[in-house]
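Here's the letter readout for the chains.
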Amino acid sequence: MAGYGGTAVGEEDLVAIVAVILVVVIGLVYAYLWKRLAGDTVRSRWARRVSAVIAVALGLLGPATLIGVRSGHLKWLAWPGYLWLALLFYLLVTLIVLEIPRLVLRLTWARHGRTGKRAEAPQSRNLAADRELQPVIAAGETIDGDTHAPAAEPGVRNSGPGNTGSGSGAVGEGMDRRLVLARGAAIFAGLTAAGVTGYGVRTATSAPRIDRVRIPIAKLPRAMDGTRLAVVSDIHLGPLTGIGHAQRITRVINSVNADVVCVVGDLVDGTVAELGRLAEPLRGIESRRGAYFVTGNHEYYSGFEPWIGEVTELGMRPLRNERVEIDGLDLAGVNDLGGDQHGDPADFGKALGDRDRSRPVVLMAHQPLAAKDAAPYGVDLQVSGHTHGGQMAPFNLLVTLQQPVVSGFGRVDGVPVYVTNGAGFWGPPVRVGAPPQVTVVELRMA
């Protein structure tokens, strides 16, 4: 990459720049959280210092979890680290949303304060006129038997025993309002984030829901009308799942009595040596016409070649840039788009180029984005995963920047695409607004 002044920016330099940007962004996020949760709510210097130390420690926990768990050196950090990342996300979202009512309240108080000052102005002028009409009384002079204190200079408040100072009370009231507002917002944000995260954990670790959809296919043979594809993706066997995760998913798949099972990538987050036993329940997947598998990007992080062998051993047929014919229907599969970086690229020409176009074709591709490359080959339907449906709303709004379809049915360059939410989770064991799914796609004659 060419830089300014003709200086070349190498890959290592680019990585360093991105790392610096990430550190700055993370620092700003934690500084904002500290200010709203501690800086604005506590008055003790000691408490502020302790909270700052805690903020720094939590700031280090996130990167330590992402790096340590993935490398296999700090697996014990998985649960506390990933749960903190989810809690951090929802704390940030809630506090940002609360900035709007916070601003409205402060503007309202400021406007009322200015109105109150204007209302007090005439009274102040009348008091000044009254003072001009009163005789000047010397200090200690006795009038009608009463001893008077000397008159105060204009704008100077007497500090005698009975004077409470209304100005001081107004300032104190303003400070109390701001403190109450800050503490109320912090408590609300904390309870909301904890509640949403708890709900998300329960959703993510429960059995996948069954999502059913009928999709018309042109040229579908009458014998294949009503064929049911069980589409499952993003199982993500890993350090947080345990063997029960694959057992639950297998039970749900078998409960739909599918004709074909399509596993569209991201089966694992670790090596065969680490996770082979957790995948064992998938051997029990049942279908009338077979179970098929394509790689996702996470297979390439985990050693895709051993997993290809393991998946075959479990009874699923990998479709590696190839297709099979099932009673007049072509079922094709391509490697994940990320495989190119690992010497195992997607090859749409090999999978689709020489087929008989009088037959319909269903393409298994991990990422919805693959439909852009599949469009020239006349694909009748693509089934995908990868997005997790956003996994943690409102994160789904960011996923749309990278993938053309986040969840459900859509069209990409004319290709009908159905995206399932996935049956597992990545990172935080939390799902909000995107429950785990096994999707049953029923093919119907158009």
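Residues numbered from 1 in each chain as written. Predicted model: local features only at pLDDT ≥ 70, side-chain atom pairs only at ≥ 80, totals over all residues. Heavy atoms only, no water.

**Here we look at the overall build of the protein chain**
1) Next: Regarding its fold elements, the protein chain presents 11 helices and 14 strands.
2) Next: For the protein chain, the share of sequence-separated contacts (at least 6 apart) that also reach a separation of at least 24 residues comes to 73%.
3) Next: Carbon and sulfur atoms form 60% of the exposed surface of the protein chain, whose accessible area is close to 23600 Å². (Helix = DSSP H or I, 4+ residues; strand = E, 2+ residues; numbered from the N terminus. Contact = heavy atoms within 4.5 Å. Areas by Shrake-Rupley, 256 points an atom, 1.4 Å probe, with all protein chains shown as cover.)

**Comments concerning a nonpolar patch on the surface**
1) Next: A surface patch of nonpolar side chains, about 310 Å² in accessible area, is lined by L14, V18, L22 and I26.
2) Next: Positionally, L22 belongs in helix 1 (residues 11-39). (Patch = residues over 30% accessible without salt bridge, like charges linked within 9 Å, V, L, I, M, F, W, Y side chains within 5 Å. Salt bridge = Lys/Arg side-chain N within 4 Å of Asp/Glu carboxyl O.)

**As for the packing of helix 6 (residues 272-279) against helix 8 (residues 304-313)**
1) Next: With their axes 11 Å apart at the nearest point, helix 6 and helix 8 run at an angle of 25° to one another. What the angle tells us is that helix 6 and helix 8 run roughly parallel. Considering only the axes of helix 6 and helix 8, their crossing is right-handed. Across the interface between the two elements, V272, L275, G276 and A279 from helix 6 touch P306, W307 and E310 from helix 8.
2) Next: For the contact of helix 6 with helix 8, the class distribution of residues is 5 nonpolar, 1 polar and 1 charged. (Axes fitted to C-alpha atoms, helices over the stretch in contact; angles between N-to-C directions. Parallel < 35°, antiparallel > 145°, perpendicular 65-115°, else oblique. Left-handed = near helix turned anticlockwise from the far one by under 90°. Nonpolar A, V, L, I, M, F, W, Y, C, P; charged D, E, K, R; others polar.)

**Quick notes on the packing of aromatic side chains**
1) Next: Under the definition given, this model contains 3 aromatic pairs.
2) Next: On the basis of an interplanar angle of 45° and a centroid distance of 4.9 Å, the ring pair of Y300 and F304 is categorised as tilted.
3) Next: Note on Y300: relative accessible area 5%, which makes it buried.
4) Next: A relative accessible area of 12% means that F304 is categorised as buried. (Phe/Tyr/Trp six-rings, centres within 6.5 Å; stacked < 30°, edge-to-face > 60°. Buried < 20%, exposed > 50% of the residue type's maximum accessible area, 1.4 Å probe, protein only.)

**With respect to the side chain of Q437**
1) Next: Secondary-structure assignment places Q437 in strand 14 (residues 437-445).
2) Next: For Q437, a relative accessible area of 11% corresponds to the buried category.
3) Next: Looking at Q437, its side chain comes within polar contact range of the side chain of T420, at 3.5 Å.
4) Next: Non-local contacts of Q437, meaning those with residues more than four positions away in its chain, are made with P208, R209, D211, T420, N421, G422 and A423. (Polar contact = N/O pair within 3.5 Å; in protein donor to acceptor, adjacent residues only side chain to side chain.)

**So, the pattern of salt bridges**
Pairing between side chains becomes possible if they bear opposite charge and their charged atoms approach one another.
1) Next: Scanning the entire structure with this criterion turns up 17 salt bridges.
2) Next: Between E442 and R214 there is a salt bridge whose closest N-O contact spans 3.4 Å. Linking E442 in strand 14 with R214 in strand 3 (residues 209-217), this pair joins segments that are 228 residues apart in sequence.

**Digging into the sheet that holds strand 8 (residues 322-326)**
1) Next: Reading across the sheet, the 6 strands line up as 8-9-10-11-13-12 and stay open at both edges, with mixed pairing between neighbours. Lying at the two open borders of the sheet, with one neighbouring strand each, are strand 8 and strand 12 (408-412). Ignoring strand direction, the axes of neighbouring strands in this sheet form an average angle of 25°.
2) Next: Examined bridge by bridge, strand 12 and strand 13 (residues 415-419) share 5 bridges and lie antiparallel to one another. Residue pairing across strands places G408 opposite V419, the latter belonging to strand 13. (Pairing = 2+ DSSP bridges.)

**Digging into unusual backbone geometry**
1) Next: In this structure, P394 follows A393 across a cis peptide bond, with omega equal to 10°.
2) Next: Here P394 shows up in the loop between strand 11 (381-384) and helix 11 (396-399).
3) Next: With phi around 70°, K219 is a residue other than glycine that occupies positive phi space.
4) Next: Here K219 shows up in the loop between strand 3 and strand 4 (228-232).
5) Next: Accessibility expressed as a relative area gives 41% for K219, which makes it partly exposed.
6) Next: Notably, D234 is not glycine yet its phi reads approximately 50°, a positive angle.

**Side note on helix 6**
An α-helical turn contains 3.6 residues, so a residue and the one three or four places further along point in the same direction.
1) Next: Buried residues of helix 6: L275, G276, L278 and A279, and no others. The arc that holds every buried residue of helix 6, seen down its axis, measures 170°, which confines them to one face. Those residues of helix 6 that are exposed and angled more than 90 degrees off the buried face are A273 and R277.
2) Next: Those residues of helix 6 that are buried are in contact with helix 5 (243-255) and helix 8. (Arc of directions from axis to C-beta.)

**Side note on the confidence of the model for the protein chain**
1) Next: Considering every residue of the protein chain, the mean pLDDT works out to 87; 84% of them sit at 70 or more.
2) Next: Per-residue pLDDT stays below 50 along residues 1-7; that stretch engages in 7 contacts with residues further than four places along the chain or on separate chains. (pLDDT = per-residue confidence, 0-100.)

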